[in-house]
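# Breakdown of the fold
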Amino acid sequence: MASVFIFICMFGLYPSIALETKDSSHIGVNNKTHLQTYIVHVTLPQTKANSLRQQELESWYYSFLPPTIARSHRRTRMLHCYHNAITGFAARLSPEEVKSMAKKDGFVSASPEKVLFLHTTRSPTFLGLQQNAGLWKDTNYGMGIIIGVLDTGITPNHPSFSDRGVPPPPGRWKGKCDLNGTACNNKLIGARNFIDGDTPVDKNGHGTHTASTVAGNCVTGANVSGQAIGTASGIAPLAHLASYKVCSQRTCPESNILAGIDTAIADGVDVLSISLGAGSSPFHATNLAIGTLAAIQRGIFVSCSAGNQGPTSATLLNEAPWVLTVGASTIDRNIRATAVLGNKVELNGESLFQPKNFPQTLLPLVYPSRTGNIYSARCYRGFFNNVSVAGKVVLCDDGGNTGRVQKGVNVRDAGGAAMILVNEEINGDSIPAEAIHVLPTTRTIVGVNYAPEVASFSSRGPNKARPGILKPDIIGPGRNILAAWPFSVDGTTTRATFNIISGTSMACPRLSGIAALLKRRHPNWSPAAIKSAIMTTANVSNVDGNPIADETKKTANWYALGAGHVIPSRAYDPGLVYDIQPNDYIPYLCGLGYTNQQVSKIIRHAVSCSNVSKIPEAQLNYPSFSLKLTSGSQTYTRTVTNVGPAKSSYTVRVYVASQVMLLPCPIG
């Protein structure tokens, strides 16, 4: 039977955001002229491949534009010239112009830009980060580390972005602030916009939320509708923030994302947090994968969200082995709301909005789909004709094309007094506590959550792009996360506005912040070493010592967990790490069967796989294995680097399924 839940909200409509938009419209298309935004990859001229100055590089890119484009239009057609993220540019072209361009020496590929989507649907304490103690104290709260956030922009005057206690940025910072006046400070050191005709200011909320999650300063008394009251803090509260607005209200054009990565690399960030993604593709056809590898090559740690298509298998995004792919978990806090039935049974669940003036008298309960009509069951507008809902609590099934808030609007408009939502069976008891409902609603589940659990929406493996790499890499808090918001969702007038939302978008900046703390603690560690430390010290047990469960209360599998749940206090002293240098990905990519041109496109310099010792996927020095077992034996190696005391000893312990035998054989 499906879990039952209830929401509580007053009349009065607030703007809502989608957990993950499904709009698949292709932006960049001009219907009148058939122009479309293309991402064009090229090679550099062989005689100057390593010595091109910026102006020469841009001139080289412009030389690929067909001569049929009038000189006066060339500047408007060329959208972005990339210097760091990829070797190429973004331009508005017609299919005929692309065919003409493909004949030029140095042309590699051109494809219409993809549209990527945001991954939204008490954490520092839950993660073991305590003020003036442990990792926070040892890393000085991430002071001196620069974190770049690619998202919908930022709310500059929010208290979470106060520079109280934050020193000036380090001298390596080369970025700038496109906000007016004194909006930027020692906390928010950079704010750039890549949306045509827009500003760096966040109009959506997603970017403000993720930025404050990763590095927001401490704000006391944070709450939403009087719930979850406490001190709000990012994971690295004294780190510097640089915001790169690459997404509009609904979509994130690929050309803008690459421009954001390109600029962040040049600016000198230490960590990139990217809570967005699109469908699975080979790495050579995924510009985000290529751009993030360019960042890794510069020593920048990159954290990406896994996506919100769970619990269905093989739905995860951002699968490249060089990025940390983050799934979402629950935390040990419930925004509890209680629904009392006529037989005195109390159902405890979660709801942010719990109005004190809602009457305590019992109301009639009605289910509008007595005849089995699915539209009535899901409380679609206009499908209450055969049942009276006026003044009653209406039972609605979740799901369908009508969002949860809209279901409440429909019930309210039909005269309903409150709403009970029934979770879809596939989502088990994993529910968000939303703040923006329009009538008294409680979302209630039967039973108790044992944290952490894998959130139902968190996308699962296996890795479709390359099954030999286990993804996600890690899970972290992503359900019902409180963080800064540009505007009030509960009618208050304070500047300290917050919201609680869910998604792997919320988990990703948690891990980005932890990476920033580790970078502060170990400035010479590579991105792969930081990633290894996070993965190899993760926990697969909940706070009760039992295996971490999924939304069904059953033990979560590795395609949901990855290495497990992050434990920051362990990660800063892992003892051993599995390190990977950027060039180590070349034999891996050649081993995937990619062509020389495809590998060169990813690596951004000429590669001949015939001169490379190719390796199978499982041979990459990764902190995990994903193998297809056969009747015979398989042998793979791993190289560990001691980052603990020079005189250390380690014991190997093997945990495998009963049908598998694994024999570790030290060779050095």
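The shown structure was predicted, so the numbers you read here are calculated from the model rather than taken from an experiment. (Residues numbered from 1 in each chain as written. Predicted model: local features only at pLDDT ≥ 70, side-chain atom pairs only at ≥ 80, totals over all residues. Heavy atoms only, no water.)

## A word on empty space enclosed by the protein
A water-sized probe rolled over the atoms picks out the places where empty space is left. Size it by volume and the largest cavity reaches roughly 210 Å³. Lining the largest cavity are 21 residues, and of these Gly279, Thr286, Leu288, Ala289 and Asn318 lie nearest its centre. Ranked by the residues each element gives to the lining of the largest cavity, the list is headed by helix H8 (residues 287–297), at 4 residues. When its residues are assigned to classes, the lining of the largest cavity shows 10 nonpolar, 8 polar and 3 charged. (1 Å grid on protein atoms, 1.4 Å probe; cavity = no way out; pocket = protein on both sides within 12 Å on 5 of 7 lines; lining within 4 Å. Points joined across faces, edges and corners; volume = space filled by probe spheres on them. Helix = DSSP H or I, 4+ residues; strand = E, 2+ residues; numbered from the N terminus. Nonpolar A, V, L, I, M, F, W, Y, C, P; charged D, E, K, R; others polar.)

## Topic: the pairing of strand S15 (residues 301–305)
Burial runs high along S15: 5 of the 5 residues are buried. Side chains Phe301, Ser303 and Ser305 project from S15 onto one buried face, and the interleaved Val302 and Cys304 project onto a second face that is buried too. Bridge count for strand S13 (residues 271–274) against S15 is 4 bridges, and the pairing is parallel. Within S15, the position partnered with Leu272 by the bridge is Val302. Of the pairings in the sheet, the one linking S15 to strand S16 (residues 324–329) comprises 3 bridges and is parallel in character. Residue pairing across strands places Cys304 opposite Thr325, the latter belonging to S16. (Buried < 20%, exposed > 50% of the residue type's maximum accessible area, 1.4 Å probe, protein only. Pairing = 2+ DSSP bridges.)

## Examining the environment of Asn524
Topologically, Asn524 is positioned in the loop between helix H11 (504–521) and helix H12 (527–536). Asn524 gets classed as exposed once you look at its relative accessible area, which sits at 76%. Put simply, Asn524 and Gly299 are 225 residues apart on the chain and 9.4 Å apart in space, counted from C-alpha to C-alpha.

## Regarding a nonpolar patch on the surface
A contiguous nonpolar patch, built from Val652, Val654, Val656 and Leu662 and spanning about 320 Å² of accessible area, is present on the exposed surface. Overall, the relative accessible area of 41% leaves Val656 in the partly exposed class. (Patch = residues over 30% accessible without salt bridge, like charges linked within 9 Å, V, L, I, M, F, W, Y side chains within 5 Å. Areas by Shrake-Rupley, 256 points an atom, 1.4 Å probe, with all protein chains shown as cover. Salt bridge = Lys/Arg side-chain N within 4 Å of Asp/Glu carboxyl O.)

## Re the packing of helix H6 (residues 206–215) against H11
The geometry of H6 relative to H11 is characterised by a closest axis approach of 8 Å and an angle of 30° between their N-to-C directions. Regarding H6 and H11, the two cross each other, and that crossing is right-handed. In this structure, H6 uses His206, His209, Thr210, Thr213 and Val214 to contact H11, whose residues at the interface are Ser505, Met506, Pro509, Arg510, Ser512 and Gly513. (Axes fitted to C-alpha atoms, helices over the stretch in contact; angles between N-to-C directions. Left-handed = near helix turned anticlockwise from the far one by under 90°. Contact = heavy atoms within 4.5 Å.)

## Details of H12
Counted residue by residue, H12 has 9 buried out of 10 residues, so it is predominantly covered. Those residues of H12 that sit buried are Pro527, Ala528, Ala529, Ile530, Lys531, Ser532, Ala533, Ile534 and Met535.

## Focus on the pairing of strand S7 (residues 146–151)
Most of S7 sits inside the fold, with 6 of its 6 residues counted as buried. Alignment of S7 against strand S11 (residues 240–245), held across 6 bridges, turns out to be parallel. Bridging from a neighbouring strand, Ile147 pairs with Leu241 of S11.

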